[in-house]
Amino acid sequence: MNTPETSRHSTHDGEFDARNDTLKIYLNGRIVPKAEALVSVYDSGFMLGDGMWEGMRLYDGVWAFFDEHMDRLFNSCKSVSLDIGMTKKEILGALNETAAANGMTTDVHCRLMITRGPKVKPFQHPGLSRSGPTIVAIVEHSKPATSLVSKGIRLATVPQVRGLPMSQDAKYNSHSKLNCVIACLQAEQAGADEALMLDPHGFVNTTNACNFFIVRRGEVWTSTGDYCMNGVTRQKVIDLCRENGIPVLEKNFSLYEAYGADEAFLTGTFGAQTPVSEIDGKPIGNASGAGTLTLRIRELYAALIKKHVAQCGAT
Ligand SMILES: Cc1ncc(COP(=O)(O)O)c(C=O)c1O
């Protein structure tokens, strides 16, 4: 049920939209009413979190940075020998068809999910998934809550850390997000909105659902990228800073530098750039919303989307 927002506060807060109660969902080549969009209890995604997903947004009929999202998805699926069985062009067609079936052109968010598919027995071995992948696209009406820009997100540093690539590489946008879910729970229990996660060496890395940036003395800093999601928005922000003469560094830094930041913000496809108002109870910047550089980067990003949409829409 698409319930109105209450006291919940997160980077994925959106404005209530009753149309999301009656969506049509893409499910294995068919577009079906939400109530009929069901997958098997034997599905590897349900049973083991054995699947990959992408979050994408539709702006004026264009799926923003579709190629970058597909590169990440296909790379992840190849790494875990998950055959999607569709080309990037076919996926684009499926997303467009689903958006059209819902009468959508803009302010739309898609969660595209690919699992290894139903298993013949309820055990772990990937070979038990024998009938091909399960492919689902939930395409929702979605407007990020504007209050986040004025209020910001409160982060708490949590005991749950980002892992080394040889355990479960953080670059997999896998269905299993238990590491991040545990981090989010720990942050909530500490009275914050979301979790700030460290890497195995204690350097500040990322949040449970977004990439993390700080602004210090006119410079924009983010982690080296070694332990976090290779976020499409993260890379766009880095590129925009470079193109616009804003010093940007991918480097190790500690909480000492994060607490003393002039501004901090999160990046992700859903919310673009979301300001951080406090970390572990310590106010960041003016604590009442986005700082000057965060706002400038938000504007540059919005302009980039406009340009990208105009270019893609014209081809
Ligand atoms: C853990 C995590 N960090 C960051 C991101 C943001 O990535 P993007 O900018 O590609 O949406 C995501 C989104 O899937 C994520 O799951």
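In what follows, the structure referred to is the one given above.
Quick summary incoming for the structure in this document. (Residues numbered from 1 in each chain as written. Predicted model: local features only at pLDDT ≥ 70, side-chain atom pairs only at ≥ 80, totals over all residues. Heavy atoms only, no water.)

1. Here's the deal with the site of the ligand
Step number 1: With respect to spatial proximity, 14 residues lie near the ligand, and among them R72, K177, V232, T233 and T269 are the closest.
Step number 2: Note that an oxygen atom of the ligand is positioned 2.9 Å from one of the side-chain N or O atoms of R72.
Step number 3: One of the backbone N or O atoms of V232 is found 2.8 Å from an oxygen atom in the ligand.
Step number 4: When the ligand sits alone it has 390 Å² of accessible area, and the protein chains cover 95% of it. (Near = heavy atom within 4 Å. Polar contact = N/O pair within 3.5 Å; in protein donor to acceptor, adjacent residues only side chain to side chain. Areas by Shrake-Rupley, 256 points an atom, 1.4 Å probe, with all protein chains shown as cover.)

2. Some details on the side chain of E194
Step number 1: Here E194 lies in strand β8 (residues 194–198).
Step number 2: Excluding anything up to four places from it in sequence, E194 contacts S10, T11, I153, R154, L155, A156, A187, T207, N208 and A209. (Helix = DSSP H or I, 4+ residues; strand = E, 2+ residues; numbered from the N terminus. Contact = heavy atoms within 4.5 Å.)

3. A word on the pairing of strand β2 (residues 30–33)
Step number 1: In this sheet, β2 lies alongside strand β1 (residues 24–27) in antiparallel orientation, the contact comprising 4 bridges. Residue pairing for β2: K24 is matched across the bridge by P33. (Pairing = 2+ DSSP bridges.)

4. Considering the packing of helix α7 (residues 232–243) against helix α9 (residues 292–314)
Step number 1: Orientation of α7 relative to α9, taken along the N-to-C sense of each, is 105°, at an axis distance of 10 Å. Taken together, the axes of α7 and α9 lie roughly perpendicular to each other. Residues T233, K236, V237, L240 and C241 of α7 pack against I297, L300, Y301 and L304 of α9.
Step number 2: In terms of residue class, the contact of α7 with α9 is built from 7 nonpolar, 1 polar and 1 charged. (Axes fitted to C-alpha atoms, helices over the stretch in contact; angles between N-to-C directions. Parallel < 35°, antiparallel > 145°, perpendicular 65-115°, else oblique. Nonpolar A, V, L, I, M, F, W, Y, C, P; charged D, E, K, R; others polar.)

5. Considerations on the pairing of strand β7 (residues 153–157)
Looking along a regular strand, one sees side chains alternate from face to face of the sheet.
Step number 1: In terms of strand pairing, β7 meets strand β14 (residues 272–279) through 3 bridges, oriented parallel. Counted as the bridge partner of R154 is E278 from β14.
Step number 2: Bridging between β7 and β8 involves 3 bridges; their strand directions are parallel. Along β8, the bridge assignment pairs A156 with A195.

6. Observations concerning empty space enclosed by the protein
The method is simple in principle: a probe with the dimensions of a water molecule rolls over the atoms, and the space it marks as empty is what remains.
Step number 1: Applying the stated rule across the entire model yields 1 cavity of 30 Å³ or more.
Step number 2: The space that makes up the largest cavity amounts to roughly 50 Å³.
Step number 3: Lining of the largest cavity is provided by R57, Y59, A64, F65, H69, V232, T233, T269 and Y301. (1 Å grid on protein atoms, 1.4 Å probe; cavity = no way out; pocket = protein on both sides within 12 Å on 5 of 7 lines; lining within 4 Å. Points joined across faces, edges and corners; volume = space filled by probe spheres on them.)

7. Side note on the packing of helix α2 (residues 66–79) against helix α3 (residues 88–101)
Step number 1: Look at α2 against α3: their axes get within 11 Å of each other, and the N-to-C directions meet at 120°. Overall, the two elements α2 and α3 adopt an arrangement that is oblique. Of the two possible hands of crossing, α2 and α3 adopt the one that is right-handed. Residue-level inspection shows F66, M70, D71, L73 and F74 of α2 in contact with α3, the latter providing K88, I91, L92 and L95.
Step number 2: Looking at the contact of α2 with α3, its residues break down into 7 nonpolar, no polar and 2 charged. (Left-handed = near helix turned anticlockwise from the far one by under 90°.)

8. Thoughts on α3
Each turn of an α-helix holds 3.6 residues, which means side chains three or four residues apart point in the same direction.
Step number 1: Taking 1.5 Å per residue as the helical rise, α3 with its 14 residues ought to reach 20 Å, and the 20 Å between its terminal C-alpha atoms agrees with that figure.
Step number 2: Looking only at α3, the buried set comprises I91, A94, L95, T98 and A99. Mapping the buried residues of α3 onto a view down its axis gives an arc of 130°, with all of them on the same face. Those residues of α3 that are exposed and aimed more than 90 degrees away from the buried face are K89 and A100.
Step number 3: At the C-terminal side of α3, G103 shows a positive phi close to 65°. (Expected span 1.5 Å × (residues − 1). Buried < 20%, exposed > 50% of the residue type's maximum accessible area, 1.4 Å probe, protein only. Arc of directions from axis to C-beta.)

9. Quick word on a nonpolar patch on the surface
Step number 1: Together, L178, V181, I182 and L185 make up a nonpolar patch on the protein surface, roughly 320 Å² of accessible area in all.
Step number 2: By secondary structure assignment, the location of V181 is in helix α6 (residues 178–189). (Patch = residues over 30% accessible without salt bridge, like charges linked within 9 Å, V, L, I, M, F, W, Y side chains within 5 Å. Salt bridge = Lys/Arg side-chain N within 4 Å of Asp/Glu carboxyl O.)

10. Remarks on unusual backbone geometry
Step number 1: Its identity as a non-glycine residue notwithstanding, N28 has a phi of 50°, on the positive side.
Step number 2: Its location among the elements puts N28 in the loop between β1 and β2.
Step number 3: Phi angles above zero are rare outside glycine, and S81 is one such case at about 50°.
Step number 4: By the secondary structure assignment, S81 is in the loop between α2 and α3.
Step number 5: Given the relative accessible area of 63%, S81 is considered exposed.

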